[in-house]
Amino acid sequence: GSALQALDRMDEAIRAFDHTLTIDPRFARAHFNLARIRNLRYEHKRALEHANQAVRLDPALTDAWLLVGDIQRSLRDTASALGAYAAAVRAAPREPRARSALAELLAETGHFDEARREYLAASEQAPGSVRPALGAHLLLPQVYASAAHLEQCRSQYAEGLEKLHE
């Protein structure tokens, strides 16, 4: 199934993963791969069923938790998406992608202090990665603006722009 998926032969990949699940319905990776394909095809509800089954079968499958969160965001279920991203962080606390996804949605929903904390944790875990570090620096102005600390807002925004141009 995965080889077919890589070759962009999605219908055949779906059939292969479905066949795998008839043999072993508890194979979390097959559910996860079906969820990815269904999500790419905008079949969000079917994708979510498989992604949820994958995390039920293997709660440590971080990629599946991230996919659940992404699908929930596509379905505009922010609370469930936050829960899925938080579960991804619990499943793999040192995984910067999980923390970045959580931070991004926290920022979008106005939870700036929590978002900043997650971005900073992600940047510490992946020191060479630009996205979490940049996210943390560009988020600081919003945190300070929301707290009416305009001078800190201006200086942090300037610092974020400097880092962007480095």
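Structure: above.
Residues numbered from 1 in each chain as written. Predicted model: local features only at pLDDT ≥ 70, side-chain atom pairs only at ≥ 80, totals over all residues. Heavy atoms only, no water.

Draft legend 1. Fine view of the side chain of histidine 31. Looking at the element boundaries, histidine 31 is found in helix α3 (residues 28-40). At 3.1 Å, the side chain of histidine 31 forms a polar contact with the side chain of histidine 50. Apart from residues no more than four positions distant in its own chain, histidine 31 is found in contact with Leu21, Pro25, His50, Ala51, Gln53, Ala54 and Leu57. (Helix = DSSP H or I, 4+ residues; strand = E, 2+ residues; numbered from the N terminus. Polar contact = N/O pair within 3.5 Å; in protein donor to acceptor, adjacent residues only side chain to side chain. Contact = heavy atoms within 4.5 Å.)

Draft legend 2. How the structure looks around unusual backbone geometry. In this model, tyrosine 42 sits at a positive phi of 65°, which is unusual for a non-glycine residue. Residue tyrosine 42 is classed as exposed on the basis of its relative accessible area, which comes to 67%. With a phi close to 65°, arginine 76 is a non-glycine residue in the positive phi region. If you trace the backbone, arginine 76 turns up in the loop between α5 (62-74) and α6 (78-91). (Buried < 20%, exposed > 50% of the residue type's maximum accessible area, 1.4 Å probe, protein only.)

Draft legend 3. Here's a closer look at the pattern of salt bridges. The tally for this structure, following the rule as stated, stands at 8 salt bridges. With a shortest N-O distance of 2.8 Å, arginine 38 and glutamate 43 are connected by a salt bridge. By relative accessible area, arginine 38 is classed as buried at 7%. Overall, the relative accessible area of 24% leaves glutamate 43 in the partly exposed class. In this structure, arginine 97 engages glutamate 95 in a salt bridge whose closest nitrogen and oxygen atoms are separated by 3.0 Å. (Salt bridge = Lys/Arg side-chain N within 4 Å of Asp/Glu carboxyl O.)

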